[in-house]
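Fold and contact review
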Amino acid sequence: MNPDLRKEREAASFHTELLTSVLDGGADRTRRRRELEALVLNDPDFKHEDVNFLSRSERYELAIKKSALMVMKLREFGIADPDEIYWFKRTCMGSYIAPIDLHYSMFTPTLENQCTVVQREKWLPLARGFQIIGTYAQTEMGHGTHLRGLETTATYDPATQEFILNSPTVTSIKWWPGGLGKTSNHAIVLAQLHTQGQNHGLHAFIVPIRQLGTHEPLPGITVGDIGPKFGYDEMDNGYLKMDNFRIPRENMLMKFAKVEPDGTYVKPLSDKLTYGTMVFIRSIIVGDAARSLARACTIAIRYSAVRHQSELKPGEPEPQILDYQTQQYRLFPLLAAAYAFHFVGAYMKDTYRRITADINDGDLREMPELHALSAGLKAFSSWIANAGIEECRMACGGHGYSRCSGLPDIYVNFTPSCTYEGENTVMMLQTARFLIKSYTQVSSGQLVSGMVSYLNDLPGQRIQPQQVGARPAALHISNPASLVEAYKLRASRLVEFAAKNLQAELNRRRSKEDAWNRTSVDLVRASEAHCHYVVVKLFTAKISEIGDPATRAVVNNLCLLFALHGISKHSGDFLQGGILTDAQITQVNQRVKELLALIRPNAVALVDSFDFSDLFLGSVLGRYDGNVYENMFEWSKKSPLNKTQVHRSFHKHLKPMQAKL
């Protein structure tokens, strides 16, 4: 064990074990997670070579090998609970991507939530038993987030009771679905449904794409891999082109909408019900943002405790770089954000399950807020995590740029989440539609509920600079509940500001669409403020649930840092809204620096509490034992360029060049 890390761990003011069980949702869940992880870590079948030195084809093949092993082990151990599958899968794959990810995360959940009872009985056993391997084919070459623009068609033929699927243009080719290129033999395809001469919009269909047994593409199906990407080397993101490809009528997912044998269309209670899988995934992405940022923080903070550099005082030993306030200022707010997103991710998962149960009972009242919240929080968390992972890489200096740090892989594998399942700016604008609708309801005298209930206070408060500026809120900067109020006022002000600007554009006789576009920067700011408020509110609510005083104190400091750092970064909003004064902002900035010093002795223990195995972390710099330099040297020796002392290119190119000069 590196002596610096040992010293850091001994100096912690709380027990990491207690905080780990808070993060896991209870000591029993921590115990069970570790049991499942041990099954993998102690299994020689899962000891694989470092993928950094493999080609893309080799990385894909290794990921398929691990995936197949994992499926067989899941069956052998009888693991069926979704959380347990996730823990086991995460440990099996280490820090890498599984080509069958979408089978678990999108294909099977869509079957569970959008099939009729009869369809569930047919398809779910096949999917759960991996007789069929599926993906989710929504995005096309020409359209992604704008779903209504998708061009793939499914035209009903009553004579044969079949749907005929077509990709009528080059831009309609399905493009990007993970696992589509080489792995899947079925896909849930989203297509424009045409029956009896009418287009009824997007619906989901189960489409076989490869012959079972031989895995050859079926006639009428053109399918393949889209080529190398920024990252995700193990994933076979694919393309799918369909030419007059016929599927039985029963392959349309018919829980909500259906087509009768004669072609009659029966519409759903709500046209949003088809998008349930995406809402689910957006909820999951918040948790992914937490985990990816937590991994990056773990690597950067452990390495910063091991790395000694420069001089704080002449003649004294080089200090740990974690002792520099600038390093703390880079990393600790990100650590606080990782904790915040962890708790928000758990809340989103629970909320999704609760509201889905309501929807299944025919209660759709909370669905609009679920859509708005999942879209906004997906964008908010992934933007911050994405920038944060890169900040962690830069905080590790030159060694952070090496693939052995694990940080480049974390970054390239997380960054697509800012785009997939809804491009982030578009997601913020979807949240804004809900906020403007809620604001309009309040303006007409109705009450709104849920996370936007703060808008009910607007008519009484009139959050306007000229009125509120004279009476700033009494801010207690060491009280998270007081900070929640400040964020609430900021959200109110920015929602009202965007709504009034939108109305002003409409008053200039602009069309709704033009007015919306001309106000969209304000609308995104309003959504960001709303999401920031929600995160601070949920993080604050979590503190009171923690029983152990020492653990509660350290999480309280993280919550304060997250909230105060946000105020510091967005001080213009709080000043302009008359929510805080100049003097209060100065106080906030000072308190942020004080919190850095308070968190410093617990920093290593706080990342240890995430309880990431070295396998999952995938980093030489972030190793639990802190023995960085010896292992970095050993790692470099594995480079294929080091297989021979003299590379063949010397004799082939350099030597002839030298001879001619």
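**A short note on the overall build of the protein chain**
Along its length, the protein chain carries 24 helices and eleven strands. The globule rule puts the C-alpha radius of gyration for 661 residues at 26 Å, and the 27 Å found for the protein chain is close to it. Its C-alpha atoms put the protein chain at 90 × 80 × 65 Å along the principal axes. By residue count, 55% of the 661 residues in the protein chain fall in the buried class. Contacts in the protein chain between residues far apart in sequence, at least 24 positions, make up 74% of those at least 6 positions apart.

**Some remarks on unusual backbone geometry**
Unlike most non-glycine residues, F130 shows phi in positive territory, near 65°. Following the sequence through the fold, F130 ends up in the loop between α7 (117–128) and β1 (134–137). On the accessibility criterion, F130 (17% relative accessible area) is buried.

**Regarding the pattern of salt bridges**
The final tally for this structure, using the stated rule, is 44 salt bridges. The salt bridge partner of E37 is R33, with a shortest N-O separation of 3.1 Å. One end of the pair is E37 and the other is R33, both in helix α3 (residues 27–41) and four residues apart, which spans about a single turn. One network of salt bridges, with partners in common, ties together E17, D24, R33, R34, E37, R90 and D611.

**What about helix α24 (residues 648–660)?**
Taking 1.5 Å as the rise per residue, α24 with 13 residues should run 18 Å; its terminal C-alpha atoms sit 18 Å apart, in good agreement. The sharpest bend along α24 reaches about 35° and sits at L654, with the proline P656 one to four residues further on.

**Side note on the packing of helix α10 (residues 367–395) against helix α12 (residues 424–443)**
Close contact between α10 and α12 brings their axes to 8 Å; oriented N to C, the two are set at 145°. Read as a crossing pair, α10 and α12 show a hand that is left-handed. Contacts between α10 and α12 involve P368, E369, A372, A375, G376, K378, A379, F380, S382 and W383 from the first element and N424, T425, M427, M428, Q430, T431 and F434 from the second. Of the residues contributing to the contact of α10 with α12, the split by class is nine nonpolar, six polar and two charged.

**Things to note about the side chain of S21**
Summarising the element assignment, S21 is placed in helix α2 (residues 16–24). Using a relative accessible area of 15% as the deciding quantity, one classes S21 as buried. If near-sequence neighbours (up to four positions away) are discounted, S21 is found in contact with G26, A27 and T30.

**Some points on the packing of aromatic side chains**
A full pass over the atoms with the stated rule returns 17 aromatic pairs. Between Y487 and F574 the ring centres are 5.5 Å apart and the planes differ by 80°, which places this aromatic pair in the edge-to-face class. On the criterion of sequence distance, the pair formed by Y487 in helix α15 (residues 480–507) and F574 in helix α19 (residues 571–576) is long-range, its members being 87 residues apart. The residues Y487 and F574 share a single accessibility class, namely buried. Aromatic ring contacts, followed pair by pair, group Y339, F341, F343, F380, F539, F562, F610, F612 and F616 into a single cluster. Cation over ring: R90 sits above F616, and NZ or CZ is 4.7 Å from the ring centre. Directly above the ring of F497 sits R493, whose terminal nitrogen or CZ lies 5.9 Å from the centroid.

**Here's the deal with the packing of helix α18 (residues 549–569) against helix α20 (residues 582–599)**
Where α18 contacts α20, the axes come no closer than 9 Å and their chain directions differ by 145°. In this structure, the crossing between α18 and α20 has a hand that is left-handed. In this structure, α18 contributes N557, L558, L560, L561, L564, H565, I567 and S568 to the contact, and α20 contributes I585, V588, N589, R591, V592, L595, L596, L598 and I599. Tallied by class, the residues present in the contact of α18 with α20 amount to twelve nonpolar, four polar and one charged.

**Here's the deal with the nonpolar core**
Taken as a class, soluble globular proteins show a tendency for nonpolar side chains to be buried jointly. In terms of nonpolar packing, the biggest core is built from 156 residues, with L111, I301 and Y339 touching the most fellow members. Every residue in contact with I301, bar those within four places of it in the chain, is listed here: L322, L331, F332, L335, A603, V604 and V607. Residues A154, L165, A187 and M252 belong to the second largest nonpolar core, which totals 25 residues.

**A closer look at the confidence of the model for the protein chain**
A low pLDDT score tells you not to read the predicted coordinates there in detail. With 97% of its residues at a pLDDT of 70 or more, the protein chain shows a mean pLDDT of 92. When the criterion is pLDDT under 50, residues 461–472 qualifies, and its contacts beyond four places in sequence or with other chains add up to 23 contacts.

**Details of the side chain of R59**
Summarising the element assignment, R59 is placed in helix α4 (residues 56–77). Taking relative accessible area as the criterion, R59 reaches 3% and is therefore assigned buried. Look past the residues within four positions of R59 in its chain and what remains in contact with it is V51, L54, Y96, D233, E234, R403 and D409.

**Description of helix α11 (residues 407–414)**
When you tally the buried positions in α11, you get eight out of eight residues, the bulk of the element. Burial in α11 covers these residues: L407, P408, D409, I410, Y411, V412, N413 and F414.

**Observations regarding the sheet that holds strand β4 (residues 174–175)**
The three strands lie next to each other as β4-β8-β7, forming an open sheet whose pairing is antiparallel. For this open sheet the edge positions go to β4 and β7 (221–225), each flanked by a neighbour on one side alone. Taken together, the two bridges between β4 and strand β8 (residues 238–242) define a ladder with antiparallel strand orientation. Each residue of the ladder has a partner; that of K174, found in β8, is L240.

**A few points about a nonpolar patch on the surface**
Together, L654, M657 and L661 line one region of the surface with nonpolar side chains, adding up to about 340 Å² of accessible area. Overall, the relative accessible area of 43% leaves L654 in the partly exposed class.

**Here we look at the pairing of strand β2 (residues 153–157)**
On a regular strand, one side chain projects to one face of the sheet and the next to the other, so that they alternate. Along β2, four of the five residues are buried, which leaves the element largely enclosed by surrounding structure. Across five bridges, the pairing between β2 and strand β3 (residues 162–166) is antiparallel. Each residue of the ladder has a partner; that of D157, found in β3, is E162. Joining the antiparallel neighbours β2 and β3 is a turn of four residues, in which Q161 adopts a positive phi near 55°. Relative to strand β5 (residues 186–195), β2 runs parallel, the two being bridged by three bridges.

Rules used throughout
Residues numbered from 1 in each chain as written. Predicted model: local features only at pLDDT ≥ 70, side-chain atom pairs only at ≥ 80, totals over all residues. Heavy atoms only, no water. Helix = DSSP H or I, 4+ residues; strand = E, 2+ residues; numbered from the N terminus. Rg over C-alpha atoms; globule rule 2.2 N^0.38 Å. Buried < 20%, exposed > 50% of the residue type's maximum accessible area, 1.4 Å probe, protein only. Contact = heavy atoms within 4.5 Å. Salt bridge = Lys/Arg side-chain N within 4 Å of Asp/Glu carboxyl O. Expected span 1.5 Å × (residues − 1). Bend = angle between axes of the 7 residues up to and from the residue. Axes fitted to C-alpha atoms, helices over the stretch in contact; angles between N-to-C directions. Left-handed = near helix turned anticlockwise from the far one by under 90°. Nonpolar A, V, L, I, M, F, W, Y, C, P; charged D, E, K, R; others polar. Phe/Tyr/Trp six-rings, centres within 6.5 Å; stacked < 30°, edge-to-face > 60°. Lys NZ or Arg CZ within 6 Å of the ring centre and 35° of its normal. Core = buried A, V, L, I, M, F, W, Y, C linked by side-chain atoms within 4.5 Å. pLDDT = per-residue confidence, 0-100. Pairing = 2+ DSSP bridges. Patch = residues over 30% accessible without salt bridge, like charges linked within 9 Å, V, L, I, M, F, W, Y side chains within 5 Å. Areas by Shrake-Rupley, 256 points an atom, 1.4 Å probe, with all protein chains shown as cover.

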